[in-house]
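Listed below are the residues making up each chain.
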Amino acid sequence: MPQRIQNINGVLYVYEDRASWDKATKNAKHTRHYIGKMVNNVFVPNPKYLLERELEAVKKKEARPGSDYLEHSRILWSNLSL
């Protein structure tokens, strides 16, 4: 998603611009989801954004096909080599 910066009262906020199609009005809509600030030209994410990223990483890890099988086979092979 495109990330943009907006200056509000001298503070630089970073947000993601999410576009969607409204079937009722037949127009595109844009929503902003603020993800953090820029402090001394360094991105500082907000806590909600960090939690969302963690959740995405966990879901991605769980969604990998065969990940449990691979872990189980590693344990079996390590026990066999003893």
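Residues numbered from 1 in each chain as written. Predicted model: local features only at pLDDT ≥ 70, side-chain atom pairs only at ≥ 80, totals over all residues. Heavy atoms only, no water.

## Re the confidence of the model for the chain
Residue-level pLDDT values for the chain average 82, and 74% of them are 70 or greater. Summarising per-element confidence for the chain, the mean pLDDT is lowest in helix α2 (residues 67-80) (60) and highest in strand β4 (residues 42-45) (93). (pLDDT = per-residue confidence, 0-100. Helix = DSSP H or I, 4+ residues; strand = E, 2+ residues; numbered from the N terminus.)

## Some details on the pairing of strand β3 (residues 27-39)
As paired strands, strand β2 (residues 11-22) and β3 are joined by 11 bridges and run antiparallel to one another. If you follow Ala19 over to β3, its bridge partner there is His30. Hairpin geometry of β2 and β3 is characterised by an intervening segment of 4 residues between the two adjacent antiparallel strands and by a positive phi of about 55° at Lys26. Where β3 folds back on β4, the antiparallel hairpin that results is connected by 2 residues, among which Asn40 adopts a positive phi of roughly 55°. (Pairing = 2+ DSSP bridges.)

## What to know about the sheet that holds β2
Across the sheet, which stays open at both edges, the 4 strands sit in the order β1-β2-β3-β4 with antiparallel pairing between neighbours. Edge positions in the open sheet fall to β1 (3-8) and β4, since each of these has one partner strand only. This sheet shows a mean twist of 50° between the axes of neighbouring strands, independent of strand direction. Bridge analysis of β3 against β4 gives 4 bridges, and the strand direction is antiparallel. Opposite Gly36, over in β4, you have Pro45 as the bridge partner. (Axes fitted to C-alpha atoms, helices over the stretch in contact; angles between N-to-C directions.)

## Side note on the packing of aromatic side chains
Taken as a whole and assessed by the stated rule, the structure comprises 3 aromatic pairs. For the ring pair Tyr15 and Tyr34, a centre distance of 5.6 Å and an interplane angle of 55° mean the geometry is tilted. Of this pair, Tyr15 sits in strand β2 while Tyr34 sits in strand β3, and the two are 19 residues apart along the sequence. Overall, Tyr34 belongs to the partly exposed group, its relative accessible area being 36%. Between Phe43 and Tyr49 the ring centres are 6.2 Å apart and the planes differ by 80°, which places this aromatic pair in the edge-to-face class. You can call Phe43 partly exposed: its relative accessible area is 33%. Each residue in the set Tyr13, Tyr15 and Tyr34 is aromatic and connected to the rest through ring pairs, giving one cluster. (Phe/Tyr/Trp six-rings, centres within 6.5 Å; stacked < 30°, edge-to-face > 60°. Buried < 20%, exposed > 50% of the residue type's maximum accessible area, 1.4 Å probe, protein only.)

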